Amino acid sequence: MKERVVMQLDALPMHGRGSDSPTMWGTLAFMLLEGSAFALCIGIYLYLLVLAPQWPIGALPPRWPAGTVMTVLLLASLVPNYLVGRWSRENDLARVRLGMVIMSVLGIAPLIVRVFEFRSLNVWWDTNAYGSILWLLLGLHSMHIATDVADTLVLGVMMFTRHGSNSRRMGDVEDNVLYWNFVVLTWLPIYFCIYWIPRL
Amino acid sequence: MSAPRSQPVNDTQLDSAGLARRLSQTWATPKGLWGALTTVDHKIIGRRYVVTALIFLALGGVLALLMRWQLARANNGLIGPDLYDQIFTQHGSNMMFLFAVPVMEAMGIYLVPLMIGTRNIAFPRLNAYSYWLYLAGGLMLWISFALDMAPDVGWFAYVPLSGPQFGAGKRSDIWAQMITFTEVSALAVAVELVVTIFKQRAPGMTLQRIPVFVWAMLVTSFLIILAMPAIMVASTSLILDRLVGTHFFNPAEGGDVLLWQHLFWFFGHPEVYIIFLPATGMISAIIPTFVRRPLVGRLGLVLALIATGVLAFGLWVHHMFVVGLPRLGESFFTVSSMSIAIPAGVQIFCWLATLWDGKPVMRVPLLFVIAFLVTFVIGGLTGVMVASVPFDTQVHDTYFVVAHFHYVLIGGAVFPLMGALYYWFPKFTGRLMSERLGRWVVSLVFVGFNLTFFPMHILGLEGMPRRVYTYSEQMGWQSLNLLSSSAAIVLAAGFALFFIDLLRSLRRGEPAGENPWNAATLEWATASPPPSCNFVHIPVVTGAEPLWENPETIEVAEGLRADRRELLVTSLTEARPVARESSPRNTIWPFLAAIATTVMLIASIFTPWAMVWGAVPLAATLIGWFWPKGTPEDES
């Protein structure tokens with residue numbers, strides 16, 4: 001088949017940022033997928049609640065301080081997270097480096113609070129189905145925090161190497177920012193389920 | 001590292017022979033074991049997926065034959081109840097999770113990038129990883145079968161049978177982790193396909209011009225993304241109940257056994273469409289080529305695909321009509337189940353109209369389409385029947401249901417798949433399959449299938465239950481069972497001939513050339529088999545049937561680099577070029593990450609701590625995967 005050239009592409013940028021980046025769309029697709037999993041787990045929580053004669057089953061409601069500290073901490077982290085996103089769009093390497101250090105700390109801190117959260121549930125995973133779903137919800141969300149923290153740490157280290165000045169890395173940071181927003185936002189309905197529904 | 005180490009080479013700087021050579025160098029997969037383990041080429045991985053899935057099809061078919069042998073006469077002592085339980089569980093799990101879903105995704109992995117005019121799938125390393133995980137999950141299931149520890153609780157593993165109280169040993173754990181392997185792999189491929197279709201279409205391929213097969217893969221991928229988390233959550237809760245003593249499905253401690261059924265069928269019903277929609281896409285690709293005219297009602301077909309995808313999530317309870325749910329709920333699910341006949345009907349009539357208005361050339365792929373139409377319509381009709389609660393109550397758990405779903409799955413998905421393999425085999429290999437043998441295959445499979453499965457409708461109405469390893473003579477089921485079992489030999493002969501034709505044509509098939517069927521879509525605009533870069537120049541699309549609009553010349557774009565793996569990113573709806581994006585080189589890390597995942601998942605069956613220590617090598621391999629390699633692909 002003969003070819004006829006009708007279009008020139010060499011003026012295009014050498015990689016896509018924002019909605020031109022396939023990685024961002026991949027991150028969105030994974031958020032949809034993991035969001036479905038969170039929604040299903042919340043569905044299980046509500047399903048078991050409807051079946052149970054009393055809720056919580058055989059336990060006091062979780063003590064609220066650790067979970068609330070967690071919520072405040074996560075919501076507060078959205079501010080530096082937003083700034084890191086803006087700095088990476090501006091390709092401001094120095095600030096992005098600083099931002100990644102801050103976000104690493106703000107990622108590790110919730111994991112420490114999470115330990116206290118597990119201990120303030122007032123129920124074990126093998127006590128009854130209520131305990132099982134609490135531990136599943138909290139465990140699933142902790143895995144998401146841990147995954148994002150690992151990603152933030154590796155990316156943060158990378159920003160201090162010779163690879164950091166690449167605009168591709170700034171795209172990676174943007175995706176990491178996007179994903180952290182997801183991790184924080186999915187926490188809110190879980191927080192409501194675990195700490196507030198038993199008190200309603 | 002933004003400074004390039006060597007001078008970039010643009011495609012405009014080379015003559016056509018030099019460019020083709022340079023591109024195939026850049027995109028090549030080296031020969032030998034290292035090349036095989038490190039490749040990220042969607043064609044090689046797609047082909048591997050297809051071959052692996054076909055091997056699982058053959059193995060699952062052997063299990064089916066064993067069951068038919070056992071049921072051929074009353075009180076048969078060939079297979080005992082324990083082995084029979086393993087066999088039907090293995091057959092169902094294998095066919096659904098190791099054959100049907102992977103083979104449909106595999107066709108997408110191979111064909112979608114070619115049909116939309118790009119050089120590789122999005123996230124090619126994830127694609128490689130997904131294949132290795134799929135292979136590991138399949139091997140785990142079949143090795144456990146060889147060791148007499150295969151799952152024996154049915155392909156849907158209902159609790160409490162599969163739970164800690166009744167499911168002793170490791171059999172159900174193996175089922176649950178097989179789910180994890182195959183679903184992680186299916187989900188990864190779904191994400192790749194969505195992004196490929198959204199962002200890598202050739203310039204000018206607007207939404208209206210996307211081939212219907214690609215639309216089908218897009219809708220399917222979204223179904224996977226929304227439905228498969230349900231089975232992952234379900235199998236995870238099951239394995240937690242079994243291994244660490246949670247109580248999700250234990251009624252004594254506030255759990256519920258029906259919760260399992262809801263979770264399973266919230267996945268399980270969309271699963272049917274995850275298998276069926278790609279098959280309809282194949283039909284929509286084959287028919288226009290062999291009747292020499294564009295599809296009638298193209299827009300209607302695409303909307304029907306989307307409507308089916310949406311409705312698929314409102315049907316799951318029709319698998320649970322006999323568990324005693326509220327009547328109002330049952331009525332709702334009857335209505336939604338029957339309403340799926342509307343988009344299915346729209347598709348059928350669009351195809352019939354296309355056939356009617358065209359000049360059909362009766363080659364083997366089209367014969368499979370005809371076989372599909374007849375068989376699938378019968379299966380669809382029994383589907384409308386079992387959507388009704390009183391009827392379903394009567395035939396639930398009988399051979400009527402077995403007949404119904406084999407009609408929709410084999411008639412609705414395997415026939416189109418076989419047609420599609422005859423149709424695209426020349427693209428995969430450069431050679432045509434045999435027309436003469438193909439006609440034998442169609443006839444044997446069609447006749448064998450109907451004679452095997454039609455009698456099961458009657459057996460079901462006569463009350464023969466599913467999953468029984470034998471029955472007594474007084475039941476009067478002997479002659480129909482014998483008919484079914486004898487016909488299964490004809491069906492198996494058809495499949496055997498199909499495999500023989502595949503192998504024979506690899507070496508001795510007639511050379512195909514670029515476009516042996518004179519088809520209209522972009523995969524036929526490149527060599528057969530395609531070069532490692534797919535297209536030397538990215539095509540520019542101006543219509544829905546690009547190769548029919550101008551059979552002599554193809555409009556292309558230039559200006560991509562030839563010294564690094566580069567492809568074109570376009571906008572979501574209009575497919576305007578927006579960036580030149582690099583695509584990763586071959587790498588061993590996805591293979592290593594898959595090994596680390598496999599060790600973690602299999603070890604977790606024996607100790608939950610494997611999820612903790614197993615995460616360490618997994619994280620290490622993932623860091624190796626993502627760490628920049630300083631290749632030209634890293635430039636920005």
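Please read all numbers here as calculations on a predicted model, not as lab measurements.

1. Digging into the overall build of chain A
Of regular secondary structure, chain A possesses five helices and one strand. Relative to the compact-globule value of 16 Å for 200 residues, chain A shows a C-alpha radius of gyration of 21 Å, a clear excess of over 25%. Taking the principal axes of the C-alpha coordinates as reference, chain A spans close to 70 × 45 × 25 Å. For chain A, with 200 residues in total, the buried portion stands at 42%. Counting only contacts in chain A whose residues sit at least 6 apart along the sequence, the fraction spanning at least 24 positions is 80%.

2. Focus on the overall build of chain B
When helices and strands are counted, chain B shows 20 helices and four strands. Over its C-alpha atoms chain B spans a radius of gyration of 25 Å, differing by no more than 12% from the 26 Å that the globule rule assigns to 636 residues. The C-alpha extent of chain B, read off along each of the three principal axes, is 80 × 60 × 50 Å. Relative to its full complement of 636 residues, chain B shows a buried share of 57%. Taking as baseline every contact in chain B between residues at least 6 positions apart, the subset at least 24 positions apart corresponds to 81%.

3. Considering the pairing of strand β4 (residues 577–582) of chain B
Residues and elements named next belong to chain B. Counted residue by residue, β4 has five buried out of six residues, so it is predominantly covered. Bridging between strand β3 (residues 566–570) and β4 involves five bridges; their strand directions are antiparallel. From the neighbouring strand, Leu567 faces β4, where its bridge partner is Glu581.

4. Comments concerning the interface of chain B and chain A
On the side of chain A, 48 residues touch chain B, which itself brings 57 residues to the contact. Those elements that place two or more of their residues in the side of chain B that touches chain A are α6 (171–199), α7 (212–243), β2 (553–558), β3, β4 and α20 (615–626) of chain B. When residues in the side of chain B that touches chain A are grouped by element, the largest group, seven residues, is from α7 of chain B. In this structure, strand β1 (residues 2–8) of chain A lies alongside β2 of chain B, joined through six bridges in parallel fashion. In the strand pairing of β2 of chain B, Arg4 of chain A is matched with Glu555 of chain B.

5. Details of the nonpolar core
Residue and element names in this part refer to chain B. One finds Val194, Val214, Ala230, Ile286 and Phe368 to be the most contacted residues of the largest nonpolar core, which totals 252 residues. For this core, the element with the highest residue contribution is α7, accounting for 23 residues. Leave out the neighbours within four places in its chain, and Val214 touches Val112, Met115, Ile116 and Ile197.

6. Examining the sheet that holds strand β1 (residues 538–539) of chain B
Strand order in the open sheet formed by three strands is β1(A)-β2(B)-β1(B), and the pairing between neighbours is mixed. Each edge of the sheet is formed by a strand with only one pairing partner; in this case those strands are β1 of chain A together with β1 of chain B.

7. Some thoughts on the packing of helix α4 (residues 81–115) of chain B against helix α5 (residues 124–146) of chain B
Residue and element names in this part refer to chain B. Following both chains from N to C, one finds α4 and α5 inclined at 165°, their axes separated by 11 Å at the closest point. When the axis of α4 is compared with that of α5, the two are roughly antiparallel. The element α4 and its partner α5 pack so that their crossing is left-handed. Two secondary-structure elements touch here, α4 through Gln86, Gln90, Ser93, Asn94, Leu98, Pro102 and Ile109 and α5 through Asn127, Tyr134, Gly138, Leu141 and Phe145.

8. Concerning helix α5 (residues 167–196) of chain A
In this model, α5 of chain A (30 residues) spans 44 Å end to end at C-alpha, consistent with the 44 Å of a helix rising 1.5 Å per residue. At Ile190 of chain A, α5 of chain A shows its maximal kink, close to 30°.

Cut-offs used in this document
Residues numbered from 1 in each chain as written. Chains lettered and ligands numbered in written order. Predicted model: local features only at pLDDT ≥ 70, side-chain atom pairs only at ≥ 80, totals over all residues. Helix = DSSP H or I, 4+ residues; strand = E, 2+ residues; numbered from the N terminus. Rg over C-alpha atoms; globule rule 2.2 N^0.38 Å. Buried ≥ 20, exposed ≤ 12 C-beta atoms within 10 Å, placed from the backbone. Contact = placed C-beta atoms within 7 Å. Pairing = 2+ DSSP bridges. Core = buried A, V, L, I, M, F, W, Y, C linked by C-beta atoms within 7 Å. Axes fitted to C-alpha atoms, helices over the stretch in contact; angles between N-to-C directions. Parallel < 35°, antiparallel > 145°, perpendicular 65-115°, else oblique. Left-handed = near helix turned anticlockwise from the far one by under 90°. Expected span 1.5 Å × (residues − 1). Bend = angle between axes of the 7 residues up to and from the residue.

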